[in-house]
Amino acid sequence: MTSSNFRSWPLFLVLAVISMPLVIMYVYLFVDTVTDTTAGSLIPDRFTLHHWRFLWEEPETGRVSIWTVTLNTFIFATCTTLINVSASVTAGYALSRLNMPFKRFFLGGILTLHAFPTITLIISIFLILQMIGLYNTLIGVILVKAALELPLGIWIMKGFFDNVPWEIEMAGLQDGASRFTVWWKLVLPQVQPGVAALSVFVFLSAWSEFILPQVLAPSGSAQVLSTYLSNLIFDDMKPDFNMFKSVGVFYALPVIVIYLIFNKQLMNIYGGGTKG
Amino acid sequence: MRISIENFTKSFGDTTVIEDMSLEIGDGEMLALLGPSGCGKSTTLFAICGIHRMNAGRLMFGDADVTEVSSQKRNVGVVFQNYALYPHMNVYENIAFPLKVRKESKAEVDRKVQEIAGLVHIGELLQRRPMQLSGGQQQRVALARALIRKPDILLLDEPLANLDAKLRLEMRSEIRRIQLATGITAVLVTHDQVEAMSMCDRIALMDKGQIVQLSTPKDMYESPSSDFVAGFLGNPPIAFLDGTVADGGFRLANSQVTLPVPSGIEVPGEGAPMRFGVRPEFFQPGNPLKVPGKVSFVETQGREELYDVTLENGAVLRSIQSQNAGFKLGQEVSWGIEQDRVLAFGPDGNRL
Ligand SMILES: Nc1ncnc2c1ncn2[C@@H]1O[C@H](COP(=O)(O)OP(=O)(O)OP(=O)(O)O)[C@@H](O)[C@H]1O
Ligand SMILES: [Mg+2]
């Protein structure tokens, strides 16, 4: 083992050199948030927490506090996940098991919808939201985001349900359980890895969503972190790039943490199977 | 509980799988549904437990008409071919599930689970997951789960198909022991004739959605109603000789050999085709009605030896003899058929 590792060191060297720019970029992203650099120099020379002041300072007038925005983002991502997963889990089951009319048509439709670029729908969605009064509200963006992620969710859950042997359900019915109990107590636990993976997936996707909040809830109290970040860079007369980086890191931290915790489940979503 | 199926018909889309089947199963009886793959055994079983709706006909449990009753209310225990244990629950929870669904008290559930676990000998496995069990143990858990709420009827769909030979032998007598101990009415689906014969009181032999014969194993073996039944039962299988009626006897096809017809059967008209079925145990060196041939196959089965003898017209007879008979491949032999045990079948395949 060790000898084969030895022979591959030139390969590692090449890879290391190629990925160096990326690594340097990330390192600077973190370093810059807690240091100051004299103009013209590349090496940071002073430690400071000044760039993180948005966390504790009162926001300027007309600006929203970062904590409100973070809470918004959290509500946005959580509600989107809840709605999306509940709908995917029920619709996926129906498509996998029930003998309903137009099943093939539905399945084909879902795939088509999944392939449909969001951006082409955005104007009509904008008009609809304005008409029903959900423009510039969190609820509006939540509904739209949950709906747009639905085809993928349904498709993934259907795949997981397909792998549950139907005898388990028949055995459940025979044991005297109702259809709902069978689904809730016997089938759902089998697809639990799928539910976990889909939840993480949708949560992260909503957390990093930019276009929808930007267009459908651009200002004021419905802001989320992605729009806050872009406002920061566009609005300011004298842009503070290091603070922009700090907000960026703050915004990315939950994503990184979630990835670290759930990467096993996320792998599962493409495996598409349940074991044990 | 007595089960009676009356004029049962089942079709999937345009294909009719079962047509106008009637079957009566007595209280406490164990009946085998035996037949080749695809003949409709599972379909019949699923109709009894309510997974399939019947397209026509009536199903009675005792005196109650249950044709329209949902599976949850039929009180039928089912053991599926792949056991269908719930993988996310341990053995205890699996067995307790039917009781939990009925919201029985914890103490009650516990008492019943312990009792049934004792009956099927899995008392020490209760905390394991199904994945951690061997095939035979899973089988026992499935049985326990099917039996725990004291069903009126137990249905078993090929319960032994996934087990190895030794375990199959063991579970065969286990299932029968448990069925007798509980006195439950049971239906066993199988395509293995040995299983059907050794475990059940009666066998319903099915072919293409029809019951071709319904009788006790011994009766079905000794007097099959058709050549299909005769060919299905018995291991090693029966050998058939084709021929025609000639001078009141049986003339082998492509041959001048004429054999006498067993006594007491009605011989069809001169020249009509006829079939003789000879079981291996009735083709032995010592019998008087000799037919000459050549040993064309020898198989040693431990205690016994199995020979194929090719007759001069190409037909093959089988013989099973005790070990050390010592016949060699290619040897010319002249062994005898036991005349009164020959099964004669008419042109339509039915027994004469
Ligand atoms: N859901 C279904 N839709 C259409 N045809 C079906 C369905 N279920 C069974 N069949 C057909 O009905 C016939 C009988 O099936 P069944 O499962 O009862 O056979 P079986 O006797 O149990 O066979 P095996 O020994 O292989 O299990 C088969 O030809 C099968 O193709
Ligand atoms: Mg079957």
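Basis of the calculations
- Residues numbered from 1 in each chain as written.
- Chains lettered and ligands numbered in written order.
- Predicted model: local features only at pLDDT ≥ 70, side-chain atom pairs only at ≥ 80, totals over all residues.
- Heavy atoms only, no water.
- Helix = DSSP H or I, 4+ residues; strand = E, 2+ residues; numbered from the N terminus.
- Rg over C-alpha atoms; globule rule 2.2 N^0.38 Å.
- Contact = heavy atoms within 4.5 Å.
- Near = heavy atom within 4 Å.
- Polar contact = N/O pair within 3.5 Å; in protein donor to acceptor, adjacent residues only side chain to side chain.
- Domains from an automatic or database assignment.
- Buried area = accessible area lost by both parts, 1.4 Å probe.
- Salt bridge = Lys/Arg side-chain N within 4 Å of Asp/Glu carboxyl O.
- Nonpolar A, V, L, I, M, F, W, Y, C, P; charged D, E, K, R; others polar.
- Phe/Tyr/Trp six-rings, centres within 6.5 Å; stacked < 30°, edge-to-face > 60°.
- Buried < 20%, exposed > 50% of the residue type's maximum accessible area, 1.4 Å probe, protein only.
- Pairing = 2+ DSSP bridges.
- Axes fitted to C-alpha atoms, helices over the stretch in contact; angles between N-to-C directions.
- Disulfide = S-S within 2.5 Å.
- pLDDT = per-residue confidence, 0-100.

(A) Expanded view of the overall build of chain A. Helix and strand counts for chain A come out as twelve helices and two strands. In sequence order, the secondary structure elements of chain A are arranged as α-α-β-β-α-α-α-α-α-α-α-α-α-α. The C-alpha atoms of chain A give a radius of gyration of 24 Å, which is well past the 19 Å a tight globule of 276 residues would have. With the C-alpha coordinates aligned to their principal axes, the bounding extent of chain A is approximately 75 × 70 × 35 Å. Sequence separation of at least 24 residues holds for 72% of the intrachain contacts in chain A that already meet a minimum separation of 6.

(B) Region of the structure containing the site of ligand 1. Residue and element names in this part refer to chain B. Close to ligand 1 lie F12, V17, S37, G38, C39, G40, K41, S42, T43, E158 and H191, which account for all nearby residues. Contact between ligand 1 and C39: an oxygen atom at 3.2 Å from a main-chain N or O atom of the residue. G40 is positioned such that a nitrogen or oxygen atom in its backbone is 3.0 Å from an oxygen atom of ligand 1. A per-element tally of the shell around ligand 1 places helix α1 (residues 41-49) first, with three residues.

(C) Quick look at the domain arrangement of chain A. Residue and element names in this part refer to chain A. Each assigned domain of chain A is listed with its residue range as follows: domain 1 (9-48) and domain 2 (62-273). The partner domain 2 presents four residues to the six residues of domain 1 that form the contact. Roughly 490 Å² of surface becomes buried between domain 1 and domain 2 when both sides are summed, with 63% attributable to carbon and sulfur atoms. Close ionic contact of D32 with K245 constitutes a salt bridge, the shortest N to O distance being 2.5 Å. The element contributing the most residues to the side of domain 1 that touches domain 2 is helix α2 (residues 9-33), with four residues. Here the side of domain 1 that touches domain 2 is built from residues that sort into two nonpolar, two polar and two charged.

(D) Quick peek at the packing of aromatic side chains. Applying the stated criterion across every chain, the model contains 23 aromatic pairs over all chains. Note on W166 of chain A and F46 of chain B: the rings are 5.9 Å apart at their centroids and 80 degrees apart in plane angle, and the pair reads as edge-to-face. Within this pair, whereas W166 of chain A is found in helix α7 (residues 166-174), its partner F46 of chain B is found in helix α1, the two belonging to separate chains. Relative accessible area serves as the criterion here: at 36%, W166 of chain A is assigned to the partly exposed category. The class of F46 of chain B is buried, set by a relative accessible area of 8%.

(E) Quick look at the side chain of Q321 of chain B. Residues and elements named next belong to chain B. Within the secondary structure, Q321 sits in strand β18 (residues 316-322). A relative accessible area of 5% means that Q321 is categorised as buried. Within the structure, Q321 has its side chain in polar contact with the side chain of S319 (distance 2.9 Å). Non-local contacts of Q321, meaning those with residues more than four positions away in its chain, are made with Q284, P285, E304, E305, Y307, F327 and W335.

(F) Quick look at the sheet that holds strand β5 (residues 64-65) of chain B. All names here are of chain B. Strand order in the open sheet formed by four strands is β2-β1-β4-β5, with antiparallel pairing between adjacent strands. Here the strands that pair on one side only, and so sit at the sheet edges, are β2 (15-25) and β5. Pairing analysis gives two bridges linking strand β4 (residues 56-61) to β5, with the strands arranged antiparallel. Within β5, the position partnered with M60 by the bridge is D65. Here α1 sits on the sheet and contacts β1 (3-12), β2 and β4; the angle it forms with β1, its principal contact strand, is near 120 degrees.

(G) Up close: the sheet that holds β18 of chain B. Residues and elements named next belong to chain B. If you trace the five strands from one edge of the open sheet to the other, you get β15-β19-β16-β17-β18, paired in antiparallel fashion. At either margin of the open sheet sits one strand with a lone partner, and together these are β15 (283-284) and β18. Where β15 meets strand β19 (residues 332-337), two bridges bridge the pair, whose relative direction is antiparallel. Residue pairing in the sheet places Q284 in a bridge with G336 of β19.

(H) Examining the state of the cysteines more closely. Summed over all chains, the structure comprises zero disulfides over all chains. This cysteine, C49 of chain B, is not joined by any disulfide, and C39 of chain B carries the nearest cysteine sulfur, 16 Å off.

(I) Region of the structure containing the confidence of the model for chain B. Looking at chain B, the pLDDT average stands at 90 and 100% of residues meet or exceed 70. Taken together, the chains of this predicted complex give a pTM of 0.80 and an interface ipTM of 0.79.

(J) Layout of unusual backbone geometry. Geometrically, the link from N235 of chain B to P236 of chain B is a cis peptide bond, its omega value of -5 degrees lying close to zero. Here P236 of chain B lies in the loop between α8 (227-232) and β11 (239-246). In this model, F102 of chain A sits at a positive phi of 60 degrees, which is unusual for a non-glycine residue. Topologically, F102 of chain A is positioned in the loop between α3 (66-97) and α4 (103-115).

(K) Structural context of the pattern of salt bridges. Here the structure, examined in full by the defined rule, presents 29 salt bridges over all chains. E209 of chain A serves as the salt-bridge partner of K145 of chain A, at 2.7 Å between the closest nitrogen and oxygen. One end of the pair, K145 of chain A, is in helix α6 (residues 138-162); the other, E209 of chain A, is in the loop between α9 (192-207) and α10 (211-216), and 64 residues separate them in sequence. Each of the two residues, K145 of chain A as well as E209 of chain A, counts as buried. Across the pair R145 of chain B and D175 of chain A runs a salt bridge whose closest N-O atoms are separated by 3.6 Å. Here D175 of chain A lies in the loop between α7 and α8 (179-187) and R145 of chain B lies in helix α4 (residues 135-147), a pairing that spans two chains. D175 of chain A gets classed as buried once you look at its relative accessible area, which sits at 5%.

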